[in-house]
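Fold and geometry: a report
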Amino acid sequence: MEIVRISTAGSVDDGKSTLIGRLLYDNNALTKEQEELVIKKTKEKGLADLDLSVITDGLIAEREQGITIDVANIYFSTSTRKFIIADSPGHIEYTRNMVTGASNSNLSIILVDARKGLLEQSHRHFYISQLLELDNVIFCVNKMDLVDYSEDQFISIAIEIKAMVANFNPDIEFSIVPISSLKGDNVVVSSNNMGWYKGKTLNQLLHESKENKLKEVPFRYDVQQVFHVQNEQFVDYRGYAGKVISGAIKVGETIVSLPSLKQSKVTEIRRYKDILEKAEAGDSVTISLADEIDISRGSLLVKENAIPEPKNELISTLVWMDDKPALLNAKYLLKSGARQFPVKINEINFTIDPIKLVELNDSESIKLNDICSVKLRLSQPAFLDSFKENRHNGVFILIDEQSNNTVALGIVK
Amino acid sequence: MRNKHLYDLENESIYILREVAAQFKNPALLFSGGKDSIVMAHLAKKAFYPTKIPFPFLHIDTGHNFPETIKFRDYYLNKLDANLIVRYVQDAIDNNKVQEETGKYASRNALQTVSLLDAIEEFAFDACLGGARRDEEKSRAKERIFSVRDDFGQWDYKKQRPEPFMQLNGKIQFGENVRAFPISNWTEEDIWSYILQENLELPSIYFSHKRKLVERDGAYLAYSDHLNIVESDKILEKVIRFRTVGDMTCTAAFVSEADTVEKILHENVASKHSERGARIDDKRSESALEERKKGGYF
């Protein structure tokens, strides 16, 4: 069964939590305990419709304030698919959480309030989905019950959405669905109140979504640890435990280890007691080589015909995630998988306004939730790829060595 | 490749386990003898094969465990050739560090925290691997893979580190430690499917058996000396199984004939009850688990 990873984003009061509750409820995926909680809370609040929002808001502060603060992960499955929803808060303060939720997803649901149309936050959510190049974007125009299920209102919002997308990139594929999470229209069950809508329900779209387009990408292998074993069964065993970041590798092929540039042939690909012919993107395996060459944690194995350039500078988009702003020339630790070394912010080229899509050039510092383009000077080559070419080898985080916090997500240009 | 999504989950868990071994000097794996920690131990075996699992197993024994679980723990870890450290809540009680709860609902579950924090200090563990899953409970759903705890073991959701693209940052100050959750993204159904696929052994209490029980508030608890029996309790015998294994005082039994992993998997899905529904300690309030986590509970 396929796992579909979804991120949801919406503003405060867009009804995001209710939508997720509705999706689970109508897919018959709530546990008995969750159903009981819904009924109990609905009664306590004296509501006419089921309060399905109580399923997701997990922290005491969230329940008290009635908002989502942190990313929650929700799991449910139907007969054909397994879903993991990263439910992210919508407000600007939580851009970092939105980015985190979206980064681990392949599909984005953006909620729009039918009474209000596109808000600043809708632009931001859309921008983030495109920054992270999610191929599947579904706009849900929610609360249609509050605009009398008006087709005209839906069309005017759909025009706004199409204009926003076209302004960004006319080639992006997306869907727009009129829904009411509260009443259940077009979430899982087709609406009787909107006979004018001939399209698919949200649930149908979720079940038909495809994985992000697979590009031909070069082999990249992140070495996490080196295993040595000397016993009766394993005589002088040496294996490089790690993860295939992208591409694939077969036994017998030649690899190049970076940064040493030493070459060797793959003699064994092992996963526990299984000896494999081949390992592919995402696989955690242990690779053995014909020669003893210099490989340690943080080495990157690649193939000789596709060696990433050893750059000492990196142009990247940063999403700043820390309360403490970054100043020009500040030093941080760059971390990408097992690779980790100091870098310096050499230039702040511009900050992007994700709403007006304009570049602001006068930045001296980078503040929480800023999205900006920078030039980093590296203490050693990173061997990262451009995110557009190879997303899994095109990202990193920055760590503040004083606080040890993860302060930024970096996307390589 | 028997099952694509279990293979993907296994990939992710192995990656996390290796990151923990590489990023920390002195990690430990929290092992309770329950199904989730058994799956985690099995994944650790896979992650580091053919080397030995590079960290000890730590069990905080409340003294109220099912005897079957303790027996299984010793048998299984012996087979795994793992190094087991046990610390006892009873010691903390004897040293007057914590006070035994009293009354009908007395449980040692919350008391474990003190013994856990003491053990972390005693052995200077900088990371503890836990078998918690995000689908278990609402506040667990907000937990990161690497969860940084301060000197007092406290969890502060406002200080959680973002983990975009699974980039795991385990850098900590002296005195801090990290709880790492390699099976975060597994659901209960995944766990049972994996137990079936990998043919893993489990303590016998997971399977249908006849048992002396106490009926209280509509739930069945195992009859034991640890339970404070009150007048309204009914003592009876039934054929049951346990779906989750905590202390004997706070884990409810299900009436069930399911005596194989396959039957259990089927019955769990059909029942639509969540497994935490059987944990009486979580029913104390809507935020019982979050409150305990803030105080250092794993």
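For clarity, every value in this text was computed on a predicted model and none was experimentally measured.

Our focus in this paragraph is the overall build of chain B. Along the backbone of chain B there are 8 helices and 10 strands. Against the compact-globule benchmark of 19 Å for 298 residues, chain B has a radius of gyration of 19 Å, which places it among compact chains. Here chain B holds 298 residues, and 62% of them are scored as buried. For chain B, long-range pairs separated by at least 24 residues make up 73% of all intrachain contacts whose partners lie at least 6 apart in sequence. Carbon together with sulfur atoms contributes 49% to the accessible area of chain B, which is approximately 11,800 Å² in total. When the 44 positive and 48 negative side-chain charges of chain B are each reduced to one mean point, those points stand 2 Å apart.

Turning our eyes to something else, we now look at the nonpolar core. If you look at soluble globular proteins, the nonpolar side chains tend to sit buried side by side. Of all hydrophobic cores here, the largest spans 65 residues; its most connected members are Phe 146 and Trp 186 of chain B. In this view, Phe 146 of chain B contacts Ile 16, Glu 19, Val 20, Gln 23, Phe 24, Glu 163, Leu 168, Asn 169, Gly 170, Val 178, Arg 179 and Ala 180 of chain B; residues no more than four positions away in its chain are not counted. By size, the runner-up hydrophobic cluster in this structure holds 51 residues, among which are Val 4, Ile 55, Ala 72 and Cys 140 of chain A.

A separate point is the side chain of Thr 251 of chain B. Residues and elements named next belong to chain B. You can see Thr 251 is positioned in the loop between β9 (234–242) and β10 (252–255). Taking the relative accessible area as the measure of exposure, Thr 251 reaches 0% and is therefore buried. From its side chain, Thr 251 meets the backbone nitrogen of Gly 246 in a polar contact 3.1 Å long. Here the side chain of Thr 251 touches Asp 247 through a polar contact of 2.7 Å, landing on its backbone oxygen.

For the rest of this paragraph, the subject is the environment of Asn 65 of chain B. Residues and elements named next belong to chain B. On the secondary structure map, Asn 65 appears in the loop between β2 (57–61) and α3 (67–80). For the pair formed by Asn 65 and Val 245, sequence separation is 180 residues and the distance between their alpha carbons is 8.5 Å. Not counting chain neighbours up to four residues away, the residues in contact with Asn 65 comprise His 59, Ile 70, Asp 247 and Met 248. A distance of 3.5 Å separates a polar atom in the side chain of Asn 65 from the backbone nitrogen of Thr 62.

Helix length check: helix α2 (residues 35–48) of chain B, at 14 residues, gives a terminal C-alpha distance of 20 Å against a target of 20 Å (1.5 Å per residue), a fit within 8%. Counting buried positions along α2 of chain B yields 13 of 14 residues, so the element is predominantly enclosed.

Another aspect to go through is the interface of chain B and chain A. Taken together, the contact pairs 58 residues of chain B with 75 residues of chain A. For the pair chain B and chain A, the summed buried area comes to about 5,800 Å², and 52% of that belongs to carbon and sulfur atoms. At the boundary of chain B and chain A, one finds 5 salt bridges. Taking the shortest distance from any N to any O, the salt bridge between Lys 335 of chain A and Glu 19 of chain B comes out at 3.9 Å. Taken together, the connections running from chain B to chain A amount to 25 residue pairs in polar contact (both at pLDDT 80 or more). Contributions of two or more residues to the side of chain B that touches chain A are made by α1 (4–23), α2, α6 (188–198) and α8 (288–294) of chain B. Ranked by residue count, the leading element in the side of chain B that touches chain A is α1 of chain B, at 13 residues. Taken together, the residues that form the side of chain B that touches chain A break down as 18 nonpolar, 18 polar and 22 charged.

Residues and elements named next belong to chain B. What the domain assignment lists for chain B is domain 1 (4–192 + 287–294) and domain 2 (203–284). Summarising the inter-unit geometry, the C-alpha centres of domain 1 and domain 2 are found 23 Å apart. Taken together, both faces of the contact between domain 1 and domain 2 bury some 2,800 Å²; the carbon and sulfur share is 52%. Linking domain 1 to domain 2 there are 2 salt bridges. Glu 188 is the salt-bridge partner of Arg 243, the closest N and O atoms lying 2.6 Å from each other. One can count 8 residue pairs in polar contact (both at pLDDT 80 or more) joining domain 1 with domain 2. Elements with a contribution of two residues or more to the side of domain 1 that touches domain 2: α2, α3, α6 and α8. A per-element tally of the side of domain 1 that touches domain 2 places α3 first, with 4 residues. Its residues assigned to classes, the side of domain 1 that touches domain 2 comprises 9 nonpolar, 10 polar and 10 charged.

Our focus in this paragraph is the packing of aromatic side chains. All chains considered together, the criterion is met by 24 aromatic pairs over all chains. With a centroid separation of 5.4 Å and 15° between ring planes, the pair formed by Phe 72 of chain B and Tyr 76 of chain B is classed as stacked. In this pair, Phe 72 of chain B and Tyr 76 of chain B are both assigned in helix α3, 4 residues apart and thus about one turn of the helix distant. Taken as a pair, Phe 72 of chain B and Tyr 76 of chain B share a single burial class, namely buried. Through a chain of ring-to-ring contacts, the aromatic side chains of Phe 126, Tyr 127, Phe 139, Phe 168 and Phe 174 of chain A assemble into a single cluster. The ring of Tyr 15 of chain B carries the charged tip of Lys 243 of chain A above its face, separated from the ring centre by 4.5 Å. Its guanidinium or amino end placed over the ring of Tyr 223 of chain B, Lys 212 of chain B lies 4.1 Å from that ring's centre, counting from NZ or CZ.

Thresholds, definitions, all that
- Residue numbers here run from 1 along each chain, matching the order of that chain's written sequence.
- Chains and ligands are labelled sequentially in the order written, the chains with letters from A and the ligands with numbers from 1.
- A pLDDT threshold of at least 70 governs which residues receive local features in this predicted model, and a stricter bar of 80 or more applies before side-chain atom pairs are shown or counted, although totals over entire chains, interfaces and linings include all residues.
- For side-chain calculations, the full set of non-hydrogen atoms in the structure is used, while hydrogens and water are omitted.
- In this text, helices come from DSSP runs of H or I with a minimum length of four residues, and strands from runs of E with a minimum of two, each type numbered from the N-terminal end.
- Values of the radius of gyration come from C-alpha atoms, whereas the globule rule sets the reference at 2.2 Å times the count of residues to the power 0.38.
- Any residue under 20% of the maximum accessible area for its type is buried, any over 50% is exposed, and the rest in between are partly exposed; the area is computed with a 1.4 Å probe on protein chains only.
- Any two residues whose heavy atoms approach within 4.5 Å are treated as being in contact.
- The Shrake-Rupley method, run with a 1.4 Å probe, gives the accessible areas here. Residue values count only the displayed protein chains as cover.
- Under this rule, positive means Lys or Arg and negative means Asp or Glu; His and the chain ends count for nothing.
- Where a charge lies is defined by one atom per residue type, namely NZ (Lys), CZ (Arg), CG (Asp) and CD (Glu).
- The term nonpolar core refers to a set of buried residues drawn from Ala, Val, Leu, Ile, Met, Phe, Trp, Tyr and Cys, joined through side-chain atoms within 4.5 Å.
- Any pair of N or O atoms that falls within 3.5 Å is considered a polar contact. Within protein, one atom must be able to donate a hydrogen and the other to accept it, and sequence-neighbouring residues count only if both atoms are side-chain atoms.
- For a helix, the expected span equals 1.5 Å multiplied by the number of residues minus one.
- Here the quantity called buried area is the total loss of accessible area, with a 1.4 Å probe, experienced by two parts when brought into contact, counted for both.
- Should a side-chain nitrogen of Lys or Arg be within 4 Å of a carboxyl oxygen of Asp or Glu, the pair is scored as a salt bridge.
- Under the grouping applied here, Gly and all other residues not named as nonpolar or charged are polar, the nonpolar ones being Ala, Val, Leu, Ile, Met, Phe, Trp, Tyr, Cys and Pro and the charged ones Asp, Glu, Lys and Arg.
- Domains are outlined according to an automatic or database domain assignment.
- Only the six-membered ring of Trp is used, alongside the rings of Phe and Tyr, when aromatic pairs are assigned; centres must lie within 6.5 Å, and planes under 30 degrees apart are stacked while those over 60 apart are edge-to-face, with the rest tilted.
- By the criterion adopted, a ring carries a charge over it if an Arg CZ or a Lys NZ lies within 6 Å of its centre and within 35 degrees of its normal.

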